[in-house]
Amino acid sequence: MSGTLTIDGKTIPFAAGQSVIEAARCAGIYIPHLCHKPGYAPHGSCKLCTVFVNGRKTSACTYPAAADQNVVSDTPELQQDRLRLTQMLFVEGNHFCPSCEKSGNCQLQGVAYHLRMLDNHYPHFYPQRQVDASHPDILLDHNRCIFCNLCVRASRDHDGKNVFAIAGRGINKRLIVNSASGQLKDSDISIDDQATQVCPTGAILVKRTGYQVPIGERWYDRQPISELALGKEDSHER
Amino acid sequence: MKTFVDKVLAQAEFQPARLLEVLRAVQAEFRHIPEPAIELIAVGLQIPRTQIIAVAEFYSFLHLAPQGRYELYIADSITDRMLGNQQVLEALAARLQVAVGGVRGDGLVSLNRTACTGMCDQGPAGLVNGYPLPRLTPAKIDALAALIEKQVPLNAWPTEMFRVEEPICRPDLLLNQAFVNGAAIQASFARGLAETLAELDASHLRGRGGAGFKTALKWRSCAQQAATPRYVICNADEGEPGTFKDRMLLDLYPDQVFEGMTVCAAIIGSNHGLIYLRAEYLFLRDKLLAVLQARREQGLLGQAILGRDGFDFDIEIRMGAGAYICGEASAQIESLEGKPGIPRTKPPNSVVCGYQRKPTVVDNVETFFAATHIAIQGGQWFAAVGTPQSTGTKLLSISGDCQRPGIYEYPFGTPVRTILQECGAEDVMGVQVGGPSGTFISNRELDRVVAFEDLSTAGSFMVFNRSRNLFAIAQNFTDFFAHESCGFCTPCRVGTSLLKNQLAKIADGLGAAEDLTELSALCEVVKNNSHCGLGESAANPILTTLLSYPELYLQQLQYQEFAPAFDLDATLAAARRLAQREDPAAHLNQVEN
Ligand code: SF4
Ligand code: SF4
Ligand code: FES
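Residues numbered from 1 in each chain as written. Chains lettered and ligands numbered in written order. Predicted model: local features only at pLDDT ≥ 70, side-chain atom pairs only at ≥ 80, totals over all residues. Heavy atoms only, no water.

## Section: the overall build of chain A
Scanning chain A from terminus to terminus reveals 6 helices and 10 strands. For chain A, the C-alpha radius of gyration of 18 Å lies close to 18 Å, the compact-globule estimate for 238 residues. For chain A, the spread of C-alpha atoms along the principal axes amounts to about 50 × 40 × 35 Å. Intrachain contacts of chain A at a sequence separation of at least 6 include 63% that bridge at least 24 residues. Carbon and sulfur atoms form 50% of the exposed surface of chain A, whose accessible area is close to 10000 Å². For chain A, the centre of its 25 positive side-chain charges and the centre of its 24 negative side-chain charges are spaced 3 Å apart. (Helix = DSSP H or I, 4+ residues; strand = E, 2+ residues; numbered from the N terminus. Rg over C-alpha atoms; globule rule 2.2 N^0.38 Å. Contact = heavy atoms within 4.5 Å. Areas by Shrake-Rupley, 256 points an atom, 1.4 Å probe, with all protein chains shown as cover. Lys, Arg positive; Asp, Glu negative; His and termini not counted. Charge placed at Lys NZ, Arg CZ, Asp CG, Glu CD.)

Pasting the structure below:
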């Protein structure tokens, strides 16, 4: 099944099996997102991509595109809700952007720029979260995890390893590592895994690569996420 | 440990889908899920150890740290609070020398709160090692503490302590119906299965779980799926605080529930039924197993049911482990597959892609119970009662400030006022209809009616008189959602905790006008962006109390403009200590007036 649908009044084509967000991306229309990535199974948890499809609210990343759908995405109300959701992600964890080596390449930050986020709006939770620096090549800083599940999917579906999972519920969610000690060094993760490359924030970092490109010259320093995400999201890896 | 875990794994036939059952057994034996067991189970079921940890952390009654050999939970729903659960907790803590939320040093006993035990009509209630302790009185607490100190095994405790009553205060159409085992199956065969589905259609029966989807439509679209096998799931995870009518149906009318499932199986072409029983109803398990066995002996389950060649169907009981979200159909299916109960993304719907990714009908206990009688009496009989959009009758679980808490059956369309009169509620401030996820209505709205057209409800009716504090109610419910959010999606995971804190700020008298505006805006973000019904309704307690009693919220505000969420001066205490200063200049005023 393929055909056309309209998004914010513009008619665009879609191919069989595409979600609304993928159809939009291929047509050059950016719908903000964090837990979605082309080539990965949809997850639908961050809710930034929430749109109206034929008047009903749904996630554009999980909703199948279909003929004659009327999709509404770029409205002040939806953008305002996206801003609030992004702010929720910021206050839920501990994000010290100025000292984060992902700064400029971080999608959470990129989306915040896009949505013109000027403050965190909500009171911070200041959770106590650990840093797992045990692995010689890979750093896991739980403070910056937004539970997008991309590393889980990368490891399970692309690396065939199941290194990561998300446990707990509610505000006590946490990312866990598949090893008896719970530490990254005892897992079978490797530096070549997609799971080490996929994190949209600075939660999973490859060591000793941090400042090769100076801050100020990085992806979202030079080009807004709305443009970058459309073209090169597949190559969002180092 | 290895011998025990191996035995449990063998009983679960090494099926990863039955992980919850395995973990429940391990928890019952070792009072937690010990590290070596995680390893054994991961190897035995060939699943990653992270799945076991994720499941153990998801469900309230599973623990990675040891609990007491006597594991006590005291219900913390608003009605239990009104009936004095705090005194019960304090008395138990003092008598047993254990902190609330802790485990005693010798490991004998642990004491915790739990959201709801399904006994809001006979609180303050609790659970010990999964078994119910209704109506806890000071005398019972003394007896209980003595039994624990003497380490008397549970099966030697007086049965009276565990006796759950089923007060049926007002039977109507369904509860008054006579029933002979097999009658609904026989009637369906005699009339024809397609014709029986047509009767169900004509009855306009809508799912009794709250969402109100047309039952015949669901069964028909499942029957039309090409994929097999197909499954029938009875959702007995009645987790909405204040609801206990499924408990009563399973306790007193189990055959009529199982028969509804069997009729459904015949219609959709299913061989396998599952009943997902909430953890708190463990006390019903043995009884239900016996009923299932009797039905097998009567030829009502098993091979060639009632002699009909090719109609094979049986029902399996699976226990939950304490997670309200598992009442949501797709979360329940995830749970039945041995995973955390996280609602799936739709489409596809469970009817198309349900248990084990196969077509599945998930219906509530009361829905199957009603379907049984419709199969016997026909659609018209049922449709003649109620209102056009809501045919038949509804079971209500009534608790709170009334003389006769219990179960009531009313035709749809009955006004709240009538119901309150009959249960003996006086001086009413408001009623929470449909539990925390439902609607709070004030005493100015008592002419509203119970029906899908007006107040739709899964059956919980909590009555509050004028002595009650509106904020205590809204806070109890809001905290409940923050605790029960599965954490999958941002608006609910973060939003419910923000709601809890923001409401607490106002309730504690630290709110300003700005905080009320912020609270309403936050309610909308959570409601409008969440992934499933839990998040969509998590703001309802605040939104509906705000609508009913705006003046109470306004009175609660301390400042007209702005109030900080924290005590500025107090946060400087550490700095003052370090600087060894106590002079006036080292202090700050909270708000410049
Ligand atoms: S570590 Fe990164 S990729 Fe993994 S869930 Fe957290 S934010 Fe997503
Ligand atoms: S709304 Fe809440 S309960 Fe539902 S999926 Fe989102 S986090 Fe989970
Ligand atoms: S991108 Fe669609 S919900 Fe996250």
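## Here we look at the interface of chain B and chain A
Counting from both sides, the interface comprises 37 residues of chain B and, opposite them, 37 residues of chain A. Together, the buried faces of chain B and chain A total about 3000 Å²; carbon and sulfur atoms form 58% of this surface. Taken together, chain B and chain A are joined by 3 salt bridges. For Arg169 of chain A, the salt bridge goes to Glu484 of chain B, with nearest N and O atoms at 3.2 Å. In this structure, the connection of chain B to chain A is made through 18 residue pairs in polar contact (both at pLDDT 80 or more). Elements represented by at least two residues in the side of chain B that touches chain A include exactly helix H4 (49–58), helix H18 (470–484), helix H19 (490–507) and helix H20 (513–529) of chain B. (Buried area = accessible area lost by both parts, 1.4 Å probe. Salt bridge = Lys/Arg side-chain N within 4 Å of Asp/Glu carboxyl O. Polar contact = N/O pair within 3.5 Å; in protein donor to acceptor, adjacent residues only side chain to side chain.)

## Comments concerning the environment of Ile47 of chain B
Residue and element names in this part refer to chain B. Structurally, Ile47 is set in the loop between helix H3 (35–45) and H4. Here the alpha-carbon distance between Ile47 and Arg230, two residues 183 residues apart in the chain, equals 25 Å. Those residues within four positions of Ile47 in sequence are excluded, and the remaining contacts are Pro16, Leu19, Ala42 and Ile52.

## Things to note about the site of ligand 1
Around ligand 1 lies a shell formed by Cys145, Ile146, Phe147, Cys148, Asn149, Cys151, Leu175, Cys199, Pro200, Thr201, Ala203 and Ile204 of chain A. Across the shell around ligand 1, the residue classes break down as 10 nonpolar, 2 polar and no charged. (Near = heavy atom within 4 Å. Nonpolar A, V, L, I, M, F, W, Y, C, P; charged D, E, K, R; others polar.)

## Some details on the environment of Phe283 of chain B
Residues and elements named next belong to chain B. By secondary structure assignment, the location of Phe283 is in the loop between strand S8 (272–277) and helix H13 (285–297). Sequence separation between Phe283 and Arg163 is 120 residues; the distance between their C-alpha atoms is 9.6 Å. Here Phe283 is in contact with Tyr131, Pro132, Val164, Arg247 and Asp251, once residues within four sequence places are set aside.

## As for the pairing of strand S2 (residues 10–14) of chain A
Within a regular strand, the side chains alternate between the two sheet faces. Where strand S1 (residues 3–7) of chain A meets S2 of chain A, 5 bridges bridge the pair, whose relative direction is antiparallel. Directly across from Gly3 of chain A, in S2 of chain A, lies its bridge partner Phe14 of chain A. (Pairing = 2+ DSSP bridges.)

## Quick notes on the sheet that holds strand S10 (residues 360–364) of chain B
Each strand in a sheet pairs with its neighbour through backbone hydrogen bonds, running either in the same direction (parallel) or in the opposite one (antiparallel). Residue and element names in this part refer to chain B. Strand order in the open sheet formed by 4 strands is S9-S8-S7-S10, with parallel pairing between adjacent strands. In this open sheet, the two strands that pair with only one neighbour each are strand S9 (314–319) and S10. Neighbour-to-neighbour, the strand axes of the sheet open up by a mean angle of 20 degrees, direction not taken into account. In this sheet, S8 lies alongside strand S7 (residues 231–236) in parallel orientation, the contact comprising 6 bridges. Pairing of Tyr231 across the sheet is with His272, part of S8. In the packing of helix H15 (residues 365–377) onto the sheet, contacts are made with S7 and S10, and the angle to S10 comes to roughly 95 degrees. (Axes fitted to C-alpha atoms, helices over the stretch in contact; angles between N-to-C directions.)

## What about the pattern of salt bridges?
Residues and elements named next belong to chain B. Taken as a whole, this structure holds 52 salt bridges over all chains when the rule is applied. Here Arg104 makes a salt bridge to Asp106, at a shortest N to O gap of 2.9 Å. Look at Asp106 and you get partly exposed, because its relative accessible area is 48%. Where Arg170 meets Asp172, a salt bridge forms, and the shortest distance between an N and an O atom there is 2.9 Å. A relative accessible area of 23% places Arg170 in the partly exposed class. Linked through salt bridges whose partners overlap, the residues forming this network are Lys245, Asp246, Glu366 and Lys394. (Buried < 20%, exposed > 50% of the residue type's maximum accessible area, 1.4 Å probe, protein only.)

## Re helix H9 (residues 193–203) of chain B
Residues and elements named next belong to chain B. Residues Thr196, Leu197, Leu200 and Ser203 constitute the buried set of H9. For H9, the angular spread of buried residues about the axis comes to 115 degrees, placing them on one side. Check the buried side of H9 and you find it contacts helix H8 (183–191), helix H10 (215–223), helix H12 (254–268), H15 and helix H16 (379–383). Of the residues one or two after H9, His204 is the one with positive phi, at around 60 degrees. (Arc of directions from axis to C-beta.)

## With respect to the sheet that holds S1 of chain A
Residues and elements named next belong to chain A. With mixed pairing, 5 strands are arranged side by side in an open sheet as S2-S1-S5-S3-S4. Each edge of the open sheet is held by one strand with a lone partner, namely S2 and strand S4 (56–59). Within this sheet the neighbouring strands show an average axis-to-axis angle of 35 degrees, counted without direction. Seen against the sheet, helix H2 (residues 76–92) touches strand S3 (50–53), S4 and strand S5 (70–72) and runs at an angle of roughly 150 degrees to S3.

## Regarding the packing of H9 of chain B against H12 of chain B
Residue and element names in this part refer to chain B. Axis separation between H9 and H12 bottoms out at 9 Å; the angle between their running directions is 120 degrees. Our classification of the angle between H9 and H12 gives oblique. For the crossing formed where H9 meets H12, the hand is left-handed. In contact with Leu193, Thr196 and Leu197 of H9, H12 contributes Val263, Ala266 and Ile267. Looking at side-chain class alone, the contact of H9 with H12 contains 5 nonpolar, 1 polar and no charged residues. (Parallel < 35°, antiparallel > 145°, perpendicular 65-115°, else oblique. Left-handed = near helix turned anticlockwise from the far one by under 90°.)

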